[in-house]
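Remarks on the overall topology
The residues making up each chain are set out below.
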Amino acid sequence: MADTECANIRNICILAHVDHGKTTLADHLIAAAADGLVHPKQAGRLRFMDYLDEEQRRAITMKSSSVTLRFHDTYHINLIDSPGHMDFCSEVSTAARLSDGALVLVDAVEGVHIQTHAVLRQAWTERLSPCLVLNKIDRLITELKLTPIEAYSKLVRIVNEVNRIMSAYKAEKYLSDVDSLLAGAAGDILENSELVEDDEEITFQPQKGNVAFVCALDGWGFRINEFADFYASKLGASAAALQKALWGLKYYNQKTKMIVGKKGMGGGSKARPMFVQFVLEPLWQVYQAAMDPDGAKTLLHKVIKSFNLNVPARELQHKDPKVVLQAVLSRWLPLSDAILSMVVNCIPDPMRAQSFRISRLLPKREVSEDGPSSNVLAEAELVRKSVEACDSSSEAPCVAFVSKMFAVPIKLLPQRGPNGEILNNSTDEDGSGESDECFLAFARVFSGVLFARQRVFVLSALYDPSKGESTMKHIQEAELHSLYLMMGQGLKPVASAKAGNIVAIRGLGQHILKSATLSSTKNCWPFSSLMFQVSPTLRVAIEPSDPMDMGALMKGLRLLNHADPFVEVTVSARGEHVLAAAGEVHLERCIKDLKERFARVSLEVSPPLVSYKETIQGEVTDVLENLNLSGGSLDYIERKTPNGRCCVRVQVLKLPPALTKVLDESSDLLGDIIGGKLGQSKKSNETQRSSRLEDDNPIEALRKRIMDAVEGDILGGTEESDKDQAEKCKAMWLQFLKRIWALGPRQIGPNILFTPDSRGVDTEFPVLIRGSSLVSERLGFVNEFSNGGMDAEPSPLVTPALCREAESLESSLLSGFQLATAAGPLCEEPMWGLAFVIEARISPLEGQQSNELETSYQPLEQYGIFTGQVMNTVKDACRTAVLKKKPRLVEAMYFCELNTPTEYLGPMYAVLARRRARVLKEEMREGSPLFTVHAYLPVSESFGFAAELRRWTSGASSALLVLSHWEALLEDPFFVPKTEEEIEEFGDGSSVLHNTARKLIDAVRRQKGLPVEEKVVQHATKQRTLARKV
């Protein structure tokens, strides 16, 4: 590996929707360029990269794995095969980070699917250079029976659709850059003008050579340039001119021997584009000649003779036409040559790629003025420049990134080193104890040279070299045991690896949990965090069948958490071990690994634990009528502490939905802003699903998003007659944004606590706990803190000591708010999209003089400490206020894409109806017998959905689920018939069955051990026995 020049290295990953042919394509590339790892006869059927038993059984890829290919004995190509199933999208993220380019596969029959959008977004985010591969071209001929002109139209639509997706990402980035320039100072515009790039050029163009047309199963494929070279001599045109003309509306005039446009062909309706005439029609003729049992094989012999192909007579005379086709086409249009030549020509080498990707890998950080010495910053900048240049010299600082850890049985490790020496694989440097598994790091070297037995620093994502000793807990020193070249399941020991190479590293099991940056110097910024498109939403509680095996289960969970980049293992408040996975398939694989590899004990798995939220019914414009505390409105809840010294009034409002979404998506960034970690805010912003990857001022961008969300929700869709009302509501919400005291739960949730209005006067409780607009100040809505203090109208009962006590109770009020938003009144699930105005006033102790009260002294009383009373009263008042304002349950929704033949539409809709799905649209795919249906499906109804769908449609339907959004259930969980119409329809209330919302709430309460209102005795009138006695 150390002998390969960096300019001759290519790092690529294969990205696609599930079952679009990624692993089959990888098989043919391995068979042609991996030194005999796969026999050409087995390519496409062996699925070499799917070496796990579960992958072979399910026929899907579940993890990203790498293999090294050699092309023309010059180029060194590291190929990473990645999963296409949404449950394993984390593996796509790890593969994309280590690659410089991507082969994006699209099925020529099924076209662009939802996961195709996801992988294109991933490639765009990681700044990869993509190439498009249209797979399964043979199905257009054999299954759909399309003519060449119809097939051409379908291929053009797919290419245009993929280009539209990429153009949308470019436009989004362009507008983001323009906004950042307009928001900046005038002096910064010239400095940052290079950010706005002219990206009008279409991404995928067959005439550029970055689009390939293939049939991976049969092992043939081509790019336009291959036909251009062949026809150049025959047509008397240059190959470059033909390559431009072989795609698009270009025609060949037989009379004039010239390439012309549509007008140049005259009025003839039989004119065919050159791609149809010179590429597709010969291909169709070869298929017809081979598939026709009575047809002559003269055309096949003509192709063999024209291209001087060496096809064995035994294969040419085979009775199976598929074998004949494969024998001829795989030699005429070899798949590996078309793909690998495209990789070499269209995907940049590591030096060019890293200079383009550096802003994503190592974005420039903001350093405070009282930061470190100039030497530290100078060395950190030197390391960044080495990564940008992909410096592979031995003097350059060594920097590598570990995207994931993966487990390998120790018995599969190589027994001999790179020089033939016998290795000792029994040492326990991986921290796995007596486990038979060894953890390897899946890594890429970005700068310098990595050696076995080298000592490096392991940097976590939170490490900051500018803060010195304060972040030393985020850095460790480790010794690399050995380096391996990955060949699928096999491992080949190597002594060193230069910059640009992908390797597996042993010896980091004790130091890295998921991902990390490796550096030979401490003064290095860590790489930006990986971006995951979904979060682990499917949770189950796990316990061993035998309580004696609890130790083995805990050890197995640690190993599983280490080996899977996306799984989450936590302990609930009730002491249960909770396993969170991305979906059903991912969960099943995790349980199987626990039982058979890591824990090796029998397990009991609970039904899925579904997360819910709690909110209230109402519109954001109702605030004008409801929010009038100082005006004597009764729309609030009032509670007093047990000792009667504090009166708490709470009013709850519903936040605009768009504002709730912004707060939820920006939780990590809000945590850094509220915590004062402004220097790290840019790093945290990268983990968000926002498209703005390079915001110069993330606080300014977040403030703008919040204001746009409020304005869009209130003014959007408002009729002309309601404009004045909407403008008043908008002005009031903008005033509220200047009064944000805190967010909850956990200080960063989608619920807001506003500071109270201090204009009111209460003679019984004279001192108001004011709070401060801390969050508003940090977000820039106000210039300075709105600190609490004396009331506007002084009262003889107000003393400095009483004011100091009110200030000391601010933390108790905040704690009560956090407790209330973390556990709502319906089923103790977190609240969602609510705003609270809490007015808490205190009175002096009875009979106590004004100068005697000290905040540090709290007399013991029968009701407990006063701060605890305030906290509990605030929590109860908030929960009661929510119950009073028509509470509703909020459930997570999947976006579901289904593909179904026409004859199975009825059973498919029946399955969707049973699971409370809401159909969005249905359309028939042009040129295909399949219907595509889009629907929203509740997460709670998704368990077993795929199995039921296959059962009712005889396996003809397929579905893909992606977490979409949170949606409130409109049903009232406490519905009781009141009007005559309701009583007539539902009865008098005693016999009304619980609706869906109430059933979900009761299920969660039972699971948490909370009381549930249910009928315990079904028949109380008489004793019922099995025996019938007269």
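Everything in this summary refers to the structure shown in the same document.

Parameters at a glance
Residues numbered from 1 in each chain as written. Predicted model: local features only at pLDDT ≥ 70, side-chain atom pairs only at ≥ 80, totals over all residues. Heavy atoms only, no water. Helix = DSSP H or I, 4+ residues; strand = E, 2+ residues; numbered from the N terminus. Buried < 20%, exposed > 50% of the residue type's maximum accessible area, 1.4 Å probe, protein only. Contact = heavy atoms within 4.5 Å. Areas by Shrake-Rupley, 256 points an atom, 1.4 Å probe, with all protein chains shown as cover. Expected span 1.5 Å × (residues − 1). Pairing = 2+ DSSP bridges. Axes fitted to C-alpha atoms, helices over the stretch in contact; angles between N-to-C directions. Parallel < 35°, antiparallel > 145°, perpendicular 65-115°, else oblique. Left-handed = near helix turned anticlockwise from the far one by under 90°. Nonpolar A, V, L, I, M, F, W, Y, C, P; charged D, E, K, R; others polar. Phe/Tyr/Trp six-rings, centres within 6.5 Å; stacked < 30°, edge-to-face > 60°. Lys NZ or Arg CZ within 6 Å of the ring centre and 35° of its normal. Disulfide = S-S within 2.5 Å. Salt bridge = Lys/Arg side-chain N within 4 Å of Asp/Glu carboxyl O. Core = buried A, V, L, I, M, F, W, Y, C linked by side-chain atoms within 4.5 Å.

Quick look at the overall build of the chain now. In terms of regular secondary structure, the chain is built from 32 helices and 34 strands. The proportion of buried residues among the 1030 residues of the chain is 53%. Contacts in the chain between residues far apart in sequence, at least 24 positions, make up 75% of those at least 6 positions apart. For the chain, the accessible surface area stands at approximately 46500 Å², while carbon and sulfur atoms represent 51% of it.

This part is about helix α4 (residues 114-125). Here α4 is 12 residues long and its end C-alpha atoms lie 17 Å apart, about the 16 Å a rise of 1.5 Å per residue gives. Counting buried residues along α4, nine of its 12 residues qualify, which places the element largely inside the surrounding structure. Considered for burial, the residues of α4 that qualify are I114, Q115, T116, A118, V119, L120, Q122, A123 and T125. In the stretch just after α4, R127 is the one whose phi turns positive, near 60 degrees.

Below, the discussion takes up the sheet that holds strand β22 (residues 577-581). One key point about sheets: their strands pair by backbone hydrogen bonds, in either a parallel or an antiparallel sense. Taking strand neighbours across the sheet as the criterion, the four strands line up as β21-β22-β20-β23 in an open arrangement whose pairing is antiparallel. Both edges of this open sheet fall to β21 (568-571) and β23 (603-605), since each of them pairs with a single strand only. Neighbouring strand axes in the sheet, compared pairwise and without regard to direction, differ in orientation by 30 degrees on average. Inspection of the sheet shows β21 paired to β22 by four bridges, in the antiparallel sense. Within β22, the position partnered with V569 by the bridge is L579. In the packing of helix α17 (residues 550-563) onto the sheet, the strands contacted are β20 (538-544), β21, β22 and β23, and the crossing angle to β22 comes to about 25 degrees.

Here T517 is to be found in strand β19 (residues 516-519). On the accessibility criterion, T517 (1% relative accessible area) is buried. Excluding residues that lie within four positions of it along the chain, T517 makes contacts with V399, A400, F401, F457, V458, L459, P526 and F527.

This part takes up the packing of helix α10 (residues 274-291) against helix α13 (residues 321-332). Helix packing for two helices is described by the angle between their axes and how far apart those axes are. The N-to-C vectors of α10 and α13 enclose an angle of 150 degrees; their axes lie 9 Å apart at closest approach. In terms of axis orientation, α10 runs roughly antiparallel to α13. Once α10 is placed against α13, the crossing between them reads as right-handed. Every residue of α13 that contacts α10 at L283, V286, Y287, A290 and M291 is listed here: P321, L325, L329 and W332. Here the contact of α10 with α13 is composed, by residue class, of nine nonpolar, no polar and no charged.

Summarising burial for β20: five of the seven residues are buried, a large majority. Pairing geometry for β20 and β22, over five bridges, is antiparallel. For V540, the partnering residue across the bridge sits in β22 and is L579.

On to the packing of aromatic side chains. Counting across every chain of the model gives 21 aromatic pairs. Centroid distance F213 to W247: 5.7 Å. Interplanar angle 35 degrees. Geometry classified as tilted. Of this pair, F213 sits in strand β6 (residues 211-215) while W247 sits in the loop between α9 (239-245) and β8 (251-253), and the two are 34 residues apart along the sequence. An identical accessibility class is assigned to F213 and W247; each is buried. Geometrically, the ring pair formed by F895 and Y936 is edge-to-face, given 6.2 Å between the ring centres and 70 degrees between the ring planes. Taken together, the residues span a long stretch of sequence, with F895 in strand β31 (residues 887-901) and Y936 in strand β33 (residues 930-938) at a distance of 41 residues. A relative accessible area of 17% places F895 in the buried class. A residue is classified by how much of its surface remains accessible, and Y936, at 18% relative accessible area, is buried. For the cation-ring pair, R914 lies above W952, with the distance from its terminal atom to the ring centre recorded as 4.6 Å.

As enumerated under the stated definition, the model contains zero disulfides in all. For C6, which is in no disulfide, the shortest distance to another cysteine sulfur is to C390 and amounts to 3.5 Å. Under the relative-accessibility criterion, C390 is labelled buried at 2%.

With that settled, consider the pattern of salt bridges. For the structure on display, the rule yields 43 salt bridges. Among the salt bridges present, the one from R453 reaches E479, with a minimum N-O distance of 3.8 Å. Here E479 lies in strand β14 (residues 475-479) and R453 lies in the loop between β12 (449-451) and β13 (455-459), a separation of 26 residues in the sequence. Given a relative accessible area of 34%, E479 falls into the partly exposed group. Residues joined by salt bridges that share partners form a network here, namely E54, R57, R58, E588, K592 and E596.

Ordered in space as β2-β3-β1-β4-β5-β6-β7, the seven strands form an open sheet in which the pairing is mixed. Both edges of this open sheet fall to β2 (65-71) and β7 (220-222), since each of them pairs with a single strand only. Direction aside, neighbouring strands of the sheet carry axes that sit 25 degrees apart on average. With seven bridges connecting them, β2 and strand β3 (residues 75-81) associate as antiparallel partners. Opposite R70, over in β3, you have H76 as the bridge partner. On the sheet, α4 packs against β1 (9-16) and β4 (101-107) and is oriented at approximately 155 degrees with respect to β1.

Moving on to unusual backbone geometry. With an omega of -5 degrees, the peptide bond running from G744 to P745 counts as cis. Counting through the fold element by element, P745 comes out in the loop between β27 (740-744) and β28 (751-754). Residue R453 is not a glycine yet carries a positive backbone phi of 70 degrees. A positive phi is found at R916, a non-glycine position, where the angle reads about 60 degrees. R916 sits in the partly exposed class, given a relative accessible area of 25%.

Attention now goes to the nonpolar core. Core analysis: the largest hydrophobic core is formed by 80 residues, its most contacted members being L69, L103, I339, I505, L508 and L579. Once residues within four sequence positions are removed from consideration, L103 is found in contact with I12, C13, I14, L15, L25, C131, V133, I339, M342 and V343. V106, A228, A245 and A289 belong to the second largest nonpolar core, which has 64 residues in total.

Okay, the environment of N899 next. Topologically, N899 is positioned in strand β31. Judged by relative accessible area, N899 falls into the buried class, the value being 8%. In this structure, the C-alpha to C-alpha distance between N899 and P929, residues 30 residues apart in sequence, is 9.8 Å. The contact partners of N899, leaving out residues within four places of it in the chain, are H113, R925, L930, F931, T932, A956, S957 and S958.

Just geometry here; none of it tells us what the structure is for.
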